[in-house]
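Each chain, written out:
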Amino acid sequence: MKDIQDKGIMTRIIHSGQHPDPATGAVSTPIYQSSTFAFRDADHGAACFGGAPGYKYTRLGNPTIEALESNIAALEHGCGALGAASGMAAVNMVYLTFLGQGTHIVATESLYGPSRMILENEYPRFGVASTFVDSSDPQKVADAMCDDTKLVYIETPANPTLILTDIAACAEIAHARGALLVVDNTFGSPYLQNPLELGADIVLHSMTKFINGHTDVVAGIVVAKDPEVLARLRKVHYNMGGTMDPHQAWLVLRGVKSLGLRMERAQENTMQLAAFLEKHPKVSWIRYPGLESHPQHELMRRQMRGGGAVFSFGVVGGIEAGKTVINNVQIATLAVSLGGIETLIEHPASMTHAGIPAQERLAAHITDDLVRVAVGCETYADLEADLARVLDMI
Ligand SMILES: *Cc1c(COP(=O)(O)O)cnc(C)c1O
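Since we're looking at a predicted model, the values are computed, not measured.

### Regarding the overall build of the protein chain
- Along the backbone of the protein chain there are 15 helices and 12 strands.
- By the compact-globule yardstick of 21 Å for 394 residues, the protein chain fits well, its C-alpha radius of gyration being 21 Å.
- In terms of principal-axis extent, the alpha carbons of the protein chain reach across some 75 × 50 × 35 Å.
- Here the protein chain holds 394 residues, and the buried ones make up 56% of them.
- Taking the contacts inside the protein chain whose residues are at least 6 apart along the sequence as the reference set, 73% of them involve residues at least 24 apart.
- Accessible surface for the protein chain amounts to roughly 16,000 Å². Of this, 54% is attributable to carbon and sulfur atoms.
- Distance from the positive charge centre (30 side chains) to the negative charge centre (42 side chains) of the protein chain: 3 Å.

### Concerning the pattern of salt bridges
- Per the counting criterion, the structure on display carries 10 salt bridges.
- As a salt-bridge pair, Arg177 and Asp147 come within 3.2 Å of each other at their nearest N and O atoms. Remark: Asp147 occurs in the loop between helix 6 (138-144) and strand 4 (149-155) and Arg177 occurs in the loop between helix 7 (167-176) and strand 5 (180-184); sequence separation between them is 30 residues.
- For Arg177, a relative accessible area of 38% translates into the label partly exposed.
- When its relative accessible area of 68% is taken as the criterion, Asp147 is described as exposed.
- Its salt-bridge partner being Glu346, residue Arg372 comes within 3.5 Å of it at the nearest N-O pair. Here Arg372, found in strand 12 (residues 370-374), pairs with Glu346, found in strand 11 (residues 344-346); they are 26 residues apart in sequence, far enough to count as distant.

### Section: the pairing of strand 4
- Counting buried positions along strand 4 gives 6 out of 7 residues, so the element sits mostly inside the fold.
- Direction of pairing for strand 2 (residues 104-108) relative to strand 4: parallel, over a ladder of 4 bridges. Each residue of the ladder has a partner; that of His104, found in strand 4, is Thr149.
- Sheet analysis places strand 4 next to strand 5, joined by 5 bridges and oriented parallel. Of the residues in strand 5, the one forming a bridge with Glu155 is Asp184.

### Some thoughts on the domain arrangement of the protein chain
- Along its sequence, the protein chain is carved into domain 1 (9-256) and domain 2 (259-391).
- For domain 1 versus domain 2, the distance between C-alpha centres works out to 26 Å.
- In this assembly, 42 residues from domain 1 lie in contact with 41 residues from domain 2.
- Carbon and sulfur atoms make up 61% of the surface buried where domain 1 meets domain 2, a total of about 3,500 Å² over both sides.
- Looking only at domain 1, the three residues that lose the most surface to domain 2 are Leu164, Leu192 and Phe210, adding up to 21% of its buried area.
- One can count 2 salt bridges joining domain 1 with domain 2.
- For Arg116, the salt bridge goes to Glu360, with nearest N and O atoms at 2.9 Å.
- For the pair domain 1 and domain 2, the interface holds 21 residue pairs in polar contact (both at pLDDT 80 or more).

### Thoughts on helix 11 (residues 259-278)
- With 20 residues, helix 11 should cover 28 Å at 1.5 Å per step; its first-to-last C-alpha distance of 27 Å lies within 8% of that length.
- Within the sequence span of helix 11, burial applies to Leu259, Gly260, Arg262, Met263, Ala266, Gln267, Asn269, Thr270, Leu273, Ala274 and Leu277.

Rules and cut-offs
- Residues numbered from 1 in each chain as written.
- Predicted model: local features only at pLDDT ≥ 70, side-chain atom pairs only at ≥ 80, totals over all residues.
- Heavy atoms only, no water.
- Helix = DSSP H or I, 4+ residues; strand = E, 2+ residues; numbered from the N terminus.
- Rg over C-alpha atoms; globule rule 2.2 N^0.38 Å.
- Buried < 20%, exposed > 50% of the residue type's maximum accessible area, 1.4 Å probe, protein only.
- Contact = heavy atoms within 4.5 Å.
- Areas by Shrake-Rupley, 256 points an atom, 1.4 Å probe, with all protein chains shown as cover.
- Lys, Arg positive; Asp, Glu negative; His and termini not counted.
- Charge placed at Lys NZ, Arg CZ, Asp CG, Glu CD.
- Salt bridge = Lys/Arg side-chain N within 4 Å of Asp/Glu carboxyl O.
- Pairing = 2+ DSSP bridges.
- Domains from an automatic or database assignment.
- Buried area = accessible area lost by both parts, 1.4 Å probe.
- Polar contact = N/O pair within 3.5 Å; in protein donor to acceptor, adjacent residues only side chain to side chain.
- Expected span 1.5 Å × (residues − 1).

Set out below in structure tokens:
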């Protein structure tokens, strides 16, 4: 494998973990669509199961999946990665590996809906307690820690509030109590933020979003900093079964190659759109980490290389006016998800976060007037004209 860890990010995105196929020289990693792999003889099979290099069975490792894992592990500066069937399979891999009877997790209050809902609705059956805090204030994280806390789990920027959490501060808090820090880096992507470099132990992604970027795959990945942590995760993951499929891995490998290009373009569109809406009389508030008006703009500059390509805003007239916006846009598509090449718009209180009780939703700053926009790579003028037209309808 080429040693390119010291090269520029565009080079690393395209080349990390990639090499011509050893069997044929194919430059694009082939799709090894095989569930199992033949052994040369009994001793070879025994050696592979004993830990020698070699493929055995796709749930336990596959060349196409490994090419993707090596790529993302390198981009996140981790020791290795584990591809997962979905972002939620990645989240559960981490929860299941480190949480159990009598343990406790401290998490960001405005987590991705299902990441929070499973902790509230399913994990208590296995004796796991959870505390959700406004992690933008590190003191609140520190105050929630107890002797049983095994994980501090943060999402930054958080979905859909775009509130940031100080990764380095949380790493210090977690480590002081012997807990691991996990960061859901889906919104930042490895292009904009590298939590392991800031002290986190585990970083995970829904690759459905920016990493794949083409709105045609559901997938997830977990990257660990330390080999021991990776080995624990692997043991659980391979037997729990939420592993990737080779074809799915190949699609993400194709998608990730343009991550840098897409992110640059989408972020530029977002910056302009956010600046336009910030001055618009029909917009009551806007939150985007790239704007100087974001209360944590300084923190963004410290731990990210840009504000990303998602923002949320409220329209004058509340929920009804918000509906007018999302029902009448033409370039943006009314759909959940984000990080794709096309612009998507959605209403979290009635869609992605509807499963969280209204009171908890409000406490987590997910107000009923919040409209989330995931900006794509279209021509900027068209995106602005689209939103300007629907805001004039209010
Ligand atoms: C989408 C998403 C997930 C879940 O990923 P899936 O691929 O849909 O399972 C987790 N975290 C964040 C921040 C997400 O946006």
